Amino acid sequence: MEEKIFTPEEQKRVFANYKKLTRLLGDRLLPDDIDGIKAAVNDAFASEVIVRDKFGFNPFLSALETAVCLCELLSADRNMAVAVLLTSLTTNGCSEDVLRNRWGDDVCKLVIGLGKVTILYNKSASVETENFRNLLLTFAQDIRVIMIMIVDRLRMLRAINHHSADNLVRETAFEANYLYAPLAHRLGLYAIKSEIEDMSLKYTNREIYSRIAHDLNQTKAKRDAYIADFIAPLKKKLQAEGLKFEIKGRTKSIYSIWNKMKKQHNTIADIYDLFAIRIVIDCELEREKPECWLAYSVVTDMYRPNPGRLKDWLSIPKSNGYESLHITVYGPEEKWVEVQIRTRRMDTIAEKGLAAHWKYKGIKSEGNLDAWMNNVRDILEAGQNGPMELMRNFKMDVYSKEVFVFTPRGDLYKLPQGATLLDFAFNIHTRIGIQCVGGRVNGRSRKLNYKLQSGDTVEIFTSPQQEPSTDWLSIVVTSKARNKIRSVLKEARNKSAEFGKELLQRRFKNRKLDYDEANVSRLVSHLGYKDAIGFFSALGNEEIDINNVVDTYADISGRQQRVDEPGERVSASEYMLQPTTDDAVTSDAGGDVIVIGDDIKGINYKLSKCCNPIFGDDVFGFISSEGVIKIHRCDCPNAEHIRTRYSSRLIRTRWSGTNGGGSRFMATLRVIGNDDIGIVTNITSIINKEKSVYLRSISIDSNDGLFHGFISVGITDKTALNQLIKKIGTVKGVKNVQRDK
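Residues numbered from 1 in each chain as written. Predicted model: local features only at pLDDT ≥ 70, side-chain atom pairs only at ≥ 80, totals over all residues. Heavy atoms only, no water.

Colleague: How should the overall build of the protein be read in this particular structure?
Modeller: Within the protein, the secondary structure is distributed over 26 helices and 22 strands. In the protein, which comprises 741 residues, the proportion classed as buried is 48%. Relative to all contacts within the protein whose residues are 6 or more apart in sequence, the contacts with residues 24 or more apart total 70%. On the protein, roughly 36600 Å² of surface is accessible, and the fraction owed to carbon and sulfur atoms is 48%. (Helix = DSSP H or I, 4+ residues; strand = E, 2+ residues; numbered from the N terminus. Buried < 20%, exposed > 50% of the residue type's maximum accessible area, 1.4 Å probe, protein only. Contact = heavy atoms within 4.5 Å. Areas by Shrake-Rupley, 256 points an atom, 1.4 Å probe, with all protein chains shown as cover.)

Colleague: What is the right way to look at the packing of helix 20 (residues 479-510) against helix 23 (residues 546-556) in this model?
Modeller: Packed helices, taken two at a time, are described by the angle between their axes plus the distance between the axes. Taken N-terminus to C-terminus, the directions of helix 20 and helix 23 make an angle of 60°; their axes are 11 Å apart at the nearest point. In this view, helix 20 runs oblique relative to helix 23, as classed from their interaxial angle. Judged by the sense of rotation from one axis to the other, the crossing of helix 20 with helix 23 is right-handed. Counted together, Leu 503, Leu 504, Arg 507 and Phe 508 of helix 20 and Ile 546, Asn 547, Val 549, Val 550 and Tyr 553 of helix 23 form the full contact between these two elements. Within the contact of helix 20 with helix 23, the residues separate by chemical class into 7 nonpolar, 1 polar and 1 charged. (Axes fitted to C-alpha atoms, helices over the stretch in contact; angles between N-to-C directions. Parallel < 35°, antiparallel > 145°, perpendicular 65-115°, else oblique. Left-handed = near helix turned anticlockwise from the far one by under 90°. Nonpolar A, V, L, I, M, F, W, Y, C, P; charged D, E, K, R; others polar.)

Colleague: Explain helix 21 (residues 517-526) here, please?
Modeller: Helical geometry note: an α-helix holds 3.6 residues per turn, so side chains three or four residues apart project in the same direction. Three or more residues of helix 21 are buried, namely Asn 519, Val 520, Leu 523 and Val 524. With its buried residues spanning 145° around the axis, helix 21 presents them on a single face. Residues of helix 21 that are exposed and point over 90 degrees away from its buried face: Ser 525 and His 526. Residues of helix 21 that are buried in the fold lie against helix 22 (532-540) and helix 23. Between a side-chain oxygen at the N-terminus of helix 21 and the backbone nitrogen of Ala 518 the separation is 3.2 Å; the capping residue is Asp 516. Once helix 21 finishes, Gly 528 follows within two positions and takes phi at roughly 85°, a positive value. (Arc of directions from axis to C-beta. Polar contact = N/O pair within 3.5 Å; in protein donor to acceptor, adjacent residues only side chain to side chain.)

Colleague: Can you walk me through the nonpolar core in this structure?
Modeller: As a rule of thumb, nonpolar side chains are buried together in soluble globular proteins. In terms of nonpolar packing, the biggest core is built from 64 residues, with Leu 21, Leu 70, Leu 86, Ile 150, Ile 160, Ile 192 and Ile 196 touching the most fellow members. Looking at this core, the element that brings in the most residues is helix 8 (residues 143-159), giving 11 residues. In this view, Leu 21 contacts Leu 64, Ala 67, Val 68, Cys 71, Ala 81 and Leu 85; residues no more than four positions away in its chain are not counted. One finds Phe 230, Trp 258, Ile 277 and Val 299 within the second-largest nonpolar core, a separate group that totals 39 residues. (Core = buried A, V, L, I, M, F, W, Y, C linked by side-chain atoms within 4.5 Å.)

Colleague: Even after reading the chapter, I still don't get the pairing of strand 16 (residues 619-623), so can you show me in this structure?
Modeller: Note on strand geometry: in a regular strand, side chains alternate between the two faces of the sheet. The element strand 16 is largely enclosed, with a buried count of 4 among its 5 residues. In this sheet, strand 17 (residues 629-633) lies alongside strand 16 in antiparallel orientation, the contact comprising 5 bridges. Opposite Gly 621, over in strand 17, you have Ile 631 as the bridge partner. Examined bridge by bridge, strand 16 and strand 18 (residues 650-655) share 3 bridges and lie antiparallel to one another. Within strand 18, the residue paired with Phe 622 across the bridge is Leu 650. (Pairing = 2+ DSSP bridges.)

Colleague: Is there a simple way to think about the packing of aromatic side chains in this case?
Modeller: Per the counting criterion, the structure on display carries 16 aromatic pairs. Centre to centre, the rings of Trp 293 and Tyr 296 are 5.3 Å apart; their planes meet at 80°, and the pair counts as edge-to-face. Remark: Tyr 296 and Trp 293 occur in helix 14 (residues 288-302); sequence separation between them is 3 residues, near one turn of the helix. Residue classification places Trp 293 among the partly exposed residues on the basis of a relative accessible area of 31%. (Phe/Tyr/Trp six-rings, centres within 6.5 Å; stacked < 30°, edge-to-face > 60°.)

Colleague: What's the story with the sheet that holds strand 20 (residues 693-703) in this structure? I'm lost.
Modeller: By definition, the strands of a sheet pair up through backbone hydrogen bonds, in either a parallel or an antiparallel sense. What the 4 strands build is an open sheet, ordered 20-21-19-22; its pairing is antiparallel. Unpaired on one side and paired on the other, strand 20 and strand 22 (734-739) mark the two borders of the sheet. Between one strand axis and the next, the sheet turns by 20° as a mean value, whatever way the strands run. Lying on the sheet, helix 26 (residues 718-729) is in contact with strand 19 (665-674), strand 20, strand 21 (706-715) and strand 22; it crosses strand 22 at an angle near 170°.

Rendered as structure tokens:
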């Protein structure tokens, strides 16, 4: 609504906040900034009308208070504070050119970003709408826009206590807890995060909030006395070690207590880590780690520690810059107490997040921040399943704990807890993830679903013939991997659907049937498919018999005519025929030779699954009905049948290079031997010791003192496979080992 811009009370608050803002910014302001800010205030007073926000608040006063909060909570720079202050003026007619000429490009860019957020909020960008995704994308353009909006939401939550618009208050609280608290967490703004969560609980469930707050107040005197008794002897020992420090106790936030009560189904009296002790050490930068570990030894000498709850973010900080040692010790009265040990610099960063890094010269976190922001953009840009699924992925990545793993070269990677070998592959590069067939972790072969642990050294194995499957979605936990897998699967599905549609149209033409979209839609529904893409994809992948489909279509369209179709019938069993003793397939001596291998571009070929050729095998190519060249071994069980029936579609083929470009191929060995204790372990031990080989799967059956089984391995070439066969053959008790066809 429109009304006079300032009430007398609001005028007093404007002048008070103006003085506070200029004092807080201090020497961060440029020489003529004071005059510029004063002019902005005067311009606001000169305006006759203003559009207040949904709570009836004056937008210029709100912006001024947000700028003050930014300086108090985050030590914001001049550009951030000025941009917040000017944002409300741009909505009242201040042009971009005026802003740019007066305040500079950076301030103008921030004002534009904040202006976009304002426009989206005016469109009711709730979490259920597409506008909400656009809001997040606007955030992702500049990290400072996120920080400003977090503080602005906190300022608003403080302002709406006991506001009469109950529904608006609850909506604002829900949004703040759902979006801004996770963002504050990821940026290391833990104090802001806790206050947002507490006030959100207060506005959405005031009864629970009041009950916990009352219980905390009732036990405050007893809790303070316990903290004092815990700290007193500790202070003396820390001082005896020559440490300069501050030591204090803090109570968990109400929201955190409520979460623990829900998880543990306990009352507040049963929560053992209701409070924590924090030791903040004053020391030089180069002495930080030694003095923190010295304090750790003093604490654990006095009180018995719980090793399982040691959290060492001192050796490897969190990706948001958080550094600290957390230990849980058995204190007086048989109570567990959490003790946090950090330096003054670390404490400032823990309180003010990434912004505090800017205060310390030579300490940078931009790399981690940039990596996270890029990940945010990946999540947002790939969000194809609606805003709520988008936010689930987003929050999962934000709140996930971390594991630290290494490459064989010693490069360190951070991944969320529960991340698998496949997640790691996608984290390195999308192509590596798509072609991943397994890996070696700490020298042992592991499958795609192996869950990584901190300290693991991981080597990824790839194969150009590998293709993602829907099962992979249940293996990965990172949004980046999940989105890339979905993208590849969708692309493959669309490609198969395109081929399936073309195949069907050709068959219709051969049968002299008209392709009618309405009848095809009836056909799709009749065969039980949800959509045409799924149906055509099934055709392209040979999951359904195209001849039966054509017959069904003819029945549906009312055509009874049957015309014999020339050519072969395509089916999934095209190659699965009786074995033959022929060991070669011939073609015209003067024909072209297709050269395959890792370095070959533009040739669409696949290794046939009926004989699993590997580098070094004598091979030939067969041009399948979909135009893909399928590579078979010359001693393939189906070679004779293919040569006899499809001789015109054969093509001479050979491998390129000398070692297959380092790619690994799948090969299966058939092993027979005595069912002795340890024989299988001895076989797998030989495989694990081979650098060019990794174990993919093993299947063993035993009967009457003998075992027989199949071992699937990834291997570089035929020479390596023959050497492996020889080595397995030397294992005591092994009677026969050969390559399975």
